[in-house]
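# An overview of the molecular structure
Chain residues, written in single-letter form:
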Amino acid sequence: MAALFRFFRQFSYWHWLVLVLALVALDYLVLDASRVVDQRAGDLLLRQHAAGRPVSDTVTVIDVDQRSLEEMAAVAGSWPWPRSVHGELVAHLARQKPRAIVFDIMFNEPDVYRPEHDALFADTVAAYPNVYQPLLLSGQGGGAAGAMPPALGFTPLPGASPAARLPVLLPLVLIRHPEAMRGGLINFVEDSDRVGRHYYLYRDHANWRLPALPGRLARDFGWPQPAADRILLNWRSGWRHVSYADLYADAQREHPLRPADEFRDRIVVIGTAAPGLQDLRVTPLAATYPGVDILATAIDNLRAGDWLREPPRAAALPLAAVLLIVLARAFSRGLSATRIAYALLAASLAVVALAWFALRQGWWLPVYAPLACAWVFYWLCALQAYLGERRQRERAIGMFQRFLDPRVVGDLVARGEIDTGAIAESREITVLFSDIRGFTTLSETRSPEAIVSLLNRYFSTQVEIIFRHGGTLDKFIGDAIMAFWGAPVHDPDHARHAVAAAIEMSQALVRFKAELTDLGQDFDIGIGLNSGPAVVGFVGSNDRLDYTAIGDTVNLASRIEGQTKGVARVLVAESTRLAAGEAFAYRDCGLHHVKGREQEVRLFEPIPQPEE
């Protein structure tokens, strides 16, 4: 973990920005790895959009459903049924004058056991020029392009050779009527995540253009087509399904029960949604979506001209760049990570709302990968900010523990009330100087070890009192102590707390001297206090900083401490007495001339309140 922290410390927000922008550009222009984010996130909106689109009033699906397989077993046997069954259905449908009858059932293998049924089917289909057959581009079947029936609609491109082999599964059941082999490819299109969202309009193979079934209908009926080889499907909430068994049973009746114009001017797509026939595909709407409904969607989109338009993915690259740059700038300016997160969330919702509005207008926008990149970048920057804050916090704690009660430091840093990077500022404070009397005599009569032990005990006692009263320890100056109240934490009662600390320090000295026995008679202290403005903050070099107070208020406090000898153990300036209010009683010690001042200074001794 420490190694990770050190690694992150080497990067600034702008370093991360350059790195992430380079990776995003590489992905968009070369790797295309984030496309799946656009696809999967876009599917959520596609499902919502599809739910609001009603069933088509032009395309109807004749469904070989599970019930059809069960109910027709008595008359047609098991699947695949004799082709004559389909021929009878075509004849029945043709009488209602549909615009087109489109099969999504392959007829590429002749029935060698029932050729008469194939012949009946072929003759029936040949009688109606609006019946279309499915083809499949695969690694099997096919033949020379020049020998293909013209009805297939294969078009030569520049450099095309009639001898080129086209591996296409053809409706060979119709070979006796080549003109009836009109149709197109129904190959399923998988995106990079193996989900079908597009449909081919044509495929190019060996310099020959092979139309897909929806594209063939668009060409024959004059529907608009995009200048691309595929369309992004604009899904509907569902399709009008008519059970194959119901329609076939109606065709056998002398007086059909269904309306005579049920399919007039409609495009009828015949296929299967039965699970056992395995024509189910993965789409944005479902993991088992009927292939016949996919074909119906593509045909309906071309008929209405409402397929989804999609700009190139690279068009979303500026969005990613703008989001990343704005985030880097926000973090570099020290804005709160929480506020930035809310702003990014609002921006994300706005972008998704824009994508939803565009989808309603027929445009699918690839905006989700840029949003994902922005959130990844946000968390990188947030981690960077956290590590920087943690480093600053540790530094602040380490420095302020020298001056404040350690129990207070953590709370101050957590509240953001102290900052090692803040510049020094003027504050109203109370400064305390305390110096030991008779220290020189003690040093001459005792060993260095004894003196150090004595000072450590004394300083520990006095500093504990300063901390308990909310004071800040500035420094030790030889055998003297400098402390102040009112910074770094604002304290409106700094004078009162300082005087209370001075009184307790004096009382603690009495107890301390009693413990010293014979040493106590030579050990005493003087304490001086003054209140007023001072410049408070970190002063020093980059390698060594001290939190201290500077100014005339500090100098006068030091001078007052020098006046205590022979007068009182604790003396305070009139400024401190006034600032402390009525909390203490004082003995007026008169005017005193202090070094560095022309005017005399009136000093007071605070009188300890009697213990209850």
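Quick look at the structure, then.

Definitions and cut-offs
- Residues numbered from 1 in each chain as written.
- Predicted model: local features only at pLDDT ≥ 70, side-chain atom pairs only at ≥ 80, totals over all residues.
- Heavy atoms only, no water.
- Helix = DSSP H or I, 4+ residues; strand = E, 2+ residues; numbered from the N terminus.
- Rg over C-alpha atoms; globule rule 2.2 N^0.38 Å.
- Buried < 20%, exposed > 50% of the residue type's maximum accessible area, 1.4 Å probe, protein only.
- Areas by Shrake-Rupley, 256 points an atom, 1.4 Å probe, with all protein chains shown as cover.
- Lys, Arg positive; Asp, Glu negative; His and termini not counted.
- Charge placed at Lys NZ, Arg CZ, Asp CG, Glu CD.
- Contact = heavy atoms within 4.5 Å.
- Pairing = 2+ DSSP bridges.
- Phe/Tyr/Trp six-rings, centres within 6.5 Å; stacked < 30°, edge-to-face > 60°.
- Salt bridge = Lys/Arg side-chain N within 4 Å of Asp/Glu carboxyl O.
- Axes fitted to C-alpha atoms, helices over the stretch in contact; angles between N-to-C directions.
- Parallel < 35°, antiparallel > 145°, perpendicular 65-115°, else oblique.
- Nonpolar A, V, L, I, M, F, W, Y, C, P; charged D, E, K, R; others polar.
- Core = buried A, V, L, I, M, F, W, Y, C linked by side-chain atoms within 4.5 Å.
- Disulfide = S-S within 2.5 Å.
- Left-handed = near helix turned anticlockwise from the far one by under 90°.
- Expected span 1.5 Å × (residues − 1).
- Polar contact = N/O pair within 3.5 Å; in protein donor to acceptor, adjacent residues only side chain to side chain.

This paragraph deals with the overall build of the protein. Within the protein, the regular secondary structure consists of 19 helices and 24 strands. Radius of gyration (C-alpha) of the protein: 46 Å, far over the 25 Å computed for a compact globule of 612 residues. Considered along the principal axes of its C-alpha atoms, the protein spans approximately 135 × 55 × 45 Å. When each of the 612 residues of the protein is scored for burial, the buried share is 49%. Per element, the accessible surface of the protein, about 29200 Å² overall, is 55% carbon and sulfur. Put simply, the protein has 61 plus and 67 minus side-chain charges, and the middle of one group is 4 Å from the middle of the other.

All right, on to the side chain of Asp250 then. On the secondary structure map, Asp250 appears in helix H9 (residues 244-252). Asp250 sits in the buried class, given a relative accessible area of 1%. Asp250 has contacts with His92, Pro256, Leu257 and Arg258, leaving out every residue within four places of it along the chain.

This part takes up the sheet that holds strand E11 (residues 208-211). Neighbouring strands of a sheet are bound in pairs by backbone hydrogen bonds; such pairs are parallel or else antiparallel. Pairing is antiparallel across the open sheet formed by three strands, whose spatial order is E5-E11-E10. In the strand order of this sheet, the two ends are held by strand E5 (155-156) and strand E10 (202-205), each with one partner. Where E10 meets E11, four bridges bridge the pair, whose relative direction is antiparallel. Each residue of the ladder has a partner; that of Arg203, found in E11, is Leu210.

For the rest of this paragraph, the subject is the pairing of strand E18 (residues 472-477). The sheet contact formed by E18 and strand E19 (residues 480-485) spans five bridges and is antiparallel. Within E19, the residue paired with Lys475 across the bridge is Met482. Where E18 folds back on E19, the antiparallel hairpin that results is connected by two residues, among which Gly478 adopts a positive phi of roughly 65°.

As a further point, take the packing of aromatic side chains. Throughout the structure, instances matching the rule amount to 18 aromatic pairs. A ring pair is formed by Trp375 and Tyr378, whose centres lie 5.7 Å apart and whose planes are at 75°; its orientation type is edge-to-face. Here Tyr378 and Trp375 lie together in helix H13 (residues 368-400), a separation of three residues that amounts to about one turn. Judged by its relative accessible area of 24%, Trp375 is partly exposed. Between Phe459 and Phe476, the ring centres sit 4.6 Å apart and the planes meet at 40°, which makes this aromatic pair tilted. Taken as a pair, Phe459 in helix H16 (residues 448-468) and Phe476 in strand E18 lie far apart in primary sequence, 17 residues in all.

On to unusual backbone geometry, then. The general pattern is negative phi for most residues beyond glycine and trans for most peptide bonds. The residue after Trp79, namely Pro80, is reached through a cis peptide bond having omega 5°. Among the secondary structure elements, Pro80 is positioned in the loop between helix H5 (73-76) and helix H6 (83-94). In the segment running from Ala487 into Pro488, the intervening peptide bond is cis, with an omega of 0°. One can find Pro488 in the loop between E19 and helix H17 (494-516). One non-glycine residue, Asn207, adopts positive backbone phi at about 65°. For Asn207, a relative accessible area of 39% puts it in the partly exposed group. Although it is not a glycine, Asp265 sits at a positive phi angle of roughly 60°. With respect to the helices and strands, Asp265 occurs in the loop between H9 and strand E14 (267-271). Note on Asp265: relative accessible area 55%, which makes it exposed.

Here we take up the pattern of salt bridges. A complete count under the given rule lists 34 salt bridges for this structure. Between Asp524 and Arg569 there is a salt bridge, and its shortest N-O distance comes to 3.0 Å. Residue Asp524 is located in strand E20 (residues 524-540), and its partner Arg569 is located in the loop between helix H18 (552-562) and strand E22 (570-573); the two are separated by 45 residues in the primary sequence. Overall, Asp524 belongs to the partly exposed group, its relative accessible area being 25%.

Where H6 contacts H9, the axes come no closer than 10 Å and their chain directions differ by 75°. Comparing their axes, H9 and H6 come out roughly perpendicular. Contacts from Val85, His86, Glu88, Leu89, His92 and Leu93 in H6 reach Tyr244, Leu247, Tyr248, Asp250, Ala251 and Gln252 in H9. Here the contact of H6 with H9 is built from residues that sort into seven nonpolar, three polar and two charged.

Okay, helix H8 (residues 213-221) next. All of the buried residues in H8 are Leu213, Pro214, Gly215, Arg216, Leu217 and Ala218. Remark: Gly222 follows H8 within two positions and exhibits a positive phi of approximately 75°.

Let us look at the nonpolar core. Core analysis: the largest hydrophobic core is formed by 47 residues, its most contacted members being Ile62, Phe154, Val168, Tyr244 and Ile270. Of all elements in the fold, only H6, strand E2 (100-103), helix H7 (115-126), strand E3 (131-137), E11, H9 and E14 reach the threshold of two or more residues within this core. Ranked by size, the runner-up nonpolar core spans 37 residues in total, among them Leu327, Trp364, Ala374 and Tyr378.

It is worth spelling out the side chain of Ser348 at this point. Along the chain, Ser348 turns up in helix H12 (residues 337-360). Setting aside its immediate chain neighbours within four residues, Ser348 contacts Leu371 and Trp375.

If you walk through the whole model with that rule in mind, you get zero disulfides. In this structure Cys381 is a free cysteine whose sulfur lies 13 Å from that of Cys373, the closest cysteine sulfur available.

What follows concerns the packing of H6 against H7. Contact pair H6 / H7: the axes reach a minimum separation of 7 Å and the direction vectors enclose 25°. Between H6 and H7, the interaxial angle falls into the category roughly parallel. Seen from above, H6 lies across H7 with left-handed handedness. Each of Arg83, Ser84, His86, Gly87, Val90 and Ala91 in H6 lies in contact with H7, whose residues at this interface are His117, Asp118, Leu120, Phe121 and Thr124.

This part is about the environment of Ile325. Relative to the helices and strands, Ile325 resides in helix H11 (residues 317-332). Taking C-alpha positions, Ile325 is 42 Å from Tyr202, a pair spaced 123 residues apart along the chain.

In an α-helix there are 3.6 residues to a turn, and that puts residues three or four apart on one side. If you check H12, its first and last C-alpha atoms are 34 Å apart, about what 24 residues at 1.5 Å a residue would give, namely 34 Å. The residue sitting at the N-terminus of H12 and contributing the capping side-chain oxygen is Ser336; that oxygen lies 3.2 Å from the backbone nitrogen of Thr338. In the stretch just after H12, Gly362 is the one whose phi turns positive, near 95°.

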